[in-house]
Amino acid sequence: MRQRSIRVSLLNSEVWGSKMRWSISIGKIAGTVVRIHVTFLLFLFVIGVIVFRQNGAEAAWDAVAFITLVFACIILHEFGHILMARFFGIKTRDVTLFPIGGVANIERMPERPYQELLVALAGPPIYLVIFLSIFLVSGKGLSDFDIEKINDTGTNLAIRVAAANVILMTFNLLPAFPMDGGRVLRAILAMWITKSKATKIAATIGQGMALFIGFMGFFGNPMLILIAVFIFIAAGSESETAIFHDITHDLTIRDAMIEAPARLHPRDTIRTVIDYLLGSTENEFLVIDNTELEIGTITRETLLLALASHDDGTQISSLMSRPEHFVYEYDSLENALTIFERCNDQALIVKDINNQISGLISRAAIAQAILIKTARPDWKFFRGGILSKSLPKFSHGQRVASLLP
Ligand SMILES: [Zn+2]
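Residues numbered from 1 in each chain as written. Predicted model: local features only at pLDDT ≥ 70, side-chain atom pairs only at ≥ 80, totals over all residues.

## Here's the deal with the sheet that holds strand β9 (residues 295–299)
Read across the open sheet, the three strands follow the order β7-β8-β9; overall the sheet is mixed. Two strands in the sheet have a free side with no partner beyond their single neighbour: β7 (262–264) and β9. Here the strands of the sheet are splayed against their neighbours by 35 degrees on average, with no regard to which way each runs. (Pairing = 2+ DSSP bridges. Helix = DSSP H or I, 4+ residues; strand = E, 2+ residues; numbered from the N terminus. Axes fitted to C-alpha atoms, helices over the stretch in contact; angles between N-to-C directions.)

## Re the nonpolar core
Here is a general trend for soluble globular proteins: nonpolar side chains tend to be buried in one another's company. Counting residues in hydrophobic clusters, the biggest one holds 50 residues, and the most contacted among them are A202, I231 and A235. Looking at which element gives the most residues to this core, the answer is helix α7 (residues 195–219), with eight residues. Core analysis: the second largest hydrophobic core is formed by 30 residues, I316, A336, A347 and A369 among them. (Core = buried A, V, L, I, M, F, W, Y, C linked by C-beta atoms within 7 Å. Buried ≥ 20, exposed ≤ 12 C-beta atoms within 10 Å, placed from the backbone.)

## Focus on the confidence of the model for the protein
Per-residue pLDDT for the protein averages 80, and the proportion of residues at 70 or more is 85%. In the predicted structure, residues 384–405 sits below a pLDDT of 50 and forms 20 contacts with residues beyond four places in sequence or in another chain. (pLDDT = per-residue confidence, 0-100. Contact = placed C-beta atoms within 7 Å.)

## A few points about the packing of helix α1 (residues 38–55) against helix α2 (residues 57–87)
In contact at an axis separation of 7 Å, α1 and α2 are set at 150 degrees when each is read in the N-to-C sense. Overall, the two elements α1 and α2 adopt an arrangement that is roughly antiparallel. Of the two elements, α1 crosses α2, and the hand of that crossing is right-handed. Contacts from L44, I47, G48, V51, F52 and N55 in α1 reach A57, A59, A60, A63, V64, I67 and T68 in α2. Its residues assigned to classes, the contact of α1 with α2 shows ten nonpolar, three polar and no charged. (Parallel < 35°, antiparallel > 145°, perpendicular 65-115°, else oblique. Left-handed = near helix turned anticlockwise from the far one by under 90°. Nonpolar A, V, L, I, M, F, W, Y, C, P; charged D, E, K, R; others polar.)

Okay, here's the thing in structure tokens:
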């Protein structure tokens, strides 16, 4: 299932990416935790060692300082996006520094195109501000600026960092995913056509550009090939995410939930449960006692695997996963997806409007709803509609075979 809601950036461009393990927190700025991933430290170390062996200690320290400062600028640019998103009420938990750039873990993407436009536009000018500030402080005139000096170690470190900011901003403004320019293009297109069509166009341009950059890499800097591969993958992934969003954004959890999940008691033992499994087809179970104080979920797989490592008398309360989150029937299906991205649970407990447990939502159930929507985009799920209000509710001690007419 596609990952959502976490943004990766390559030289300050964002795509959806992986989780944030193995990172060290270095502080909090405006409510967002700044982290450094260990791979970034490793990257700095490797660069330092390579330069040291070629040109000695002084050059090595210089290279490490240069890279650190450039990446600090990338993080500052991320704060442009983060603060603009906050202006629209969207929080960002953390931002992590990777060798490929900064990764802002933005809660969700703004729904309206003009908001996305402003969030995307808030990043690149930060580079310009840094560039101009350095020149202002250094007392040099802008006419002295020469982009070629970025590679000249004889030039003042600050001036080289200023030059890097110009390159970062230019690259970042390319109108192609996953660069900020691509987001700007997508947001503008999305004012007239659907978001997924707009994304496909921006992503196709991104992939075309990646092929061009990769081609250039064969004749020049081999680093370009690596960057091209990353852009190509990132653009493709963004395009898939948009299609996925199109499918799920108008579905509620109620549309896909398991309304009468098979229930087990926390004191049930492996012995009794395995017997039950043989005569049933369910894969996810709601574990609940009469007081509802001890609740959780467990899968068929967990129970079968537990056979090898636990004795028959083991109570399933020691095997079940206890919920960190509940979801609500009328939440968007995307909410459940976002939670699934961050945990290993196979199912989440669903509550109704009265805060009563009303069923489960599983990864498999979501996949099924997406399959239906992919095959039949106009398919209407009736459970979220008026029809469902007259249907019997799931309650303890009662097993409802089918709620659908
Ligand atoms: Zn950006």
